[in-house]
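What follows is each chain in one-letter form.
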Amino acid sequence: MMDDFSATLKTVQNVFLFFLSFCLAAWALFVDYRVYIAGLMLGSVASMISARFLAWKINKLAAAAIEQKGRKVTLGFLTRAAIAGFVGLVAVRYPEQVALTTTIVGYFFAQLATLVLGILSIRKSKK
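Calculation rules
Residue numbering note: each chain is counted from 1, following its sequence as written. In keeping with the model being predicted, local features are shown solely for residues with a pLDDT of at least 70 and side-chain atom pairs are shown and tallied solely at 80 or more, while totals for entire chains, interfaces and linings include all residues. Side-chain measures here rest on the full set of heavy atoms in the structure, leaving out hydrogens and waters. A helix here means a DSSP run of H or I that spans at least four residues, while a strand means a run of E at least two residues long, and both kinds are numbered starting from the N terminus. For a helix, the expected span equals 1.5 Å multiplied by the number of residues minus one. Relative accessibility under 20% of the residue-type maximum defines a buried residue, over 50% an exposed one, and the middle range a partly exposed one, all with a 1.4 Å probe and only protein chains included. Taken from the helix axis, the directions to the C-beta atoms give the arc we talk about. Residues are treated as being in contact if the distance between any of their heavy atoms lies within 4.5 Å. Here a pair means two rings of Phe, Tyr or Trp (six-membered ring of Trp) with centres within 6.5 Å. Their orientation is stacked below 30 degrees between planes, edge-to-face above 60, and tilted elsewhere. Look at NZ for Lys and CZ for Arg. If either is within 6 Å of the ring centre and within 35 degrees of the ring normal, a charge sits over the ring. Residues belong to one nonpolar core when they are buried, are Ala, Val, Leu, Ile, Met, Phe, Trp, Tyr or Cys, and are joined through side-chain atoms within 4.5 Å.

*Asks:* Help me get a handle on helix 3 (residues 77–93), residues and values and all.
*Replies:* Residues separated by three or four positions in an α-helix point in the same direction, a consequence of the helix having 3.6 residues per turn. With 17 residues, helix 3 extends 24 Å between its outermost C-alpha atoms, agreeing within 8% with the 24 Å of an ideal straight helix rising 1.5 Å per residue. Those residues of helix 3 that fall on the buried side of the exposure criterion are R80, I83, V87, G88 and A91. Buried residues of helix 3, seen end-on, are gathered within an arc of 125 degrees and therefore sit on one face of the element. Exposed residues lying more than 90 degrees from the buried face of helix 3 are L78, F86, L89, V92 and R93. The inward-facing, buried residues of helix 3 abut helix 2 (34–67) and helix 4 (100–106).

*Asks:* Requested: an account of the packing of aromatic side chains, with residues and values cited.
*Replies:* What describes a pair of aromatic rings is the distance from one ring centre to the other and the angle between the planes of the rings. In this structure the tally under the stated criterion is 3 aromatic pairs. Ring plane angle 20 degrees and centroid distance 4.8 Å describe the contact between F19 and F109, whose orientation is recorded as stacked. You can see F19 sitting in helix 1 (residues 2–29) and its partner F109 sitting in helix 5 (residues 109–126), a full 90 residues away along the chain. Following the ring pairs from residue to residue traces out a cluster consisting of F16, F19 and F109. In this structure, R93 packs its charged tip against the face of Y94, placed 5.4 Å from the ring centre.

*Asks:* Explain the nonpolar core to me, and be specific about the residues and the numbers.
*Replies:* With 12 residues, the main nonpolar core is built from V12, F16, L20, C23, A26, I37, M41, M48, A51, F109, A110 and A113. Among the elements of the structure, helix 1, helix 2 and helix 5 are those that each provide at least two residues to this core. For this core, the element with the most residues is helix 1, which contributes 5 residues. The residues contacting L20, other than those within four sequence positions of it, are M41, S44 and V45.

By themselves, these figures tell us nothing about what the structure is for.
Shown next as structure tokens:
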């Protein structure tokens, strides 16, 4: 199960890198839309950081469950919320460089990519 999780996260990361390179090319070509593309890139980078942090916390939780230690392990909601808040703050503070709307949209990148990859793997396993 953890191998599937790591493989899925690695695939999401590869999709993210392709998406980011596409955004960088679009940022260079479409000067009028740079603010929106920068917001999309900022949000998606924060989304990937948050997803990697969550994966690290899940691995720690699994290790603690296997060891059956009594210590409390959380999933780091406050840290991930702080990442989202920081990115939103950057977008609000510098509206001439980064659009808040596309930053918010970009923040859902990792979740959306994981959902699409999950649906595709379910369809593949049914065949």
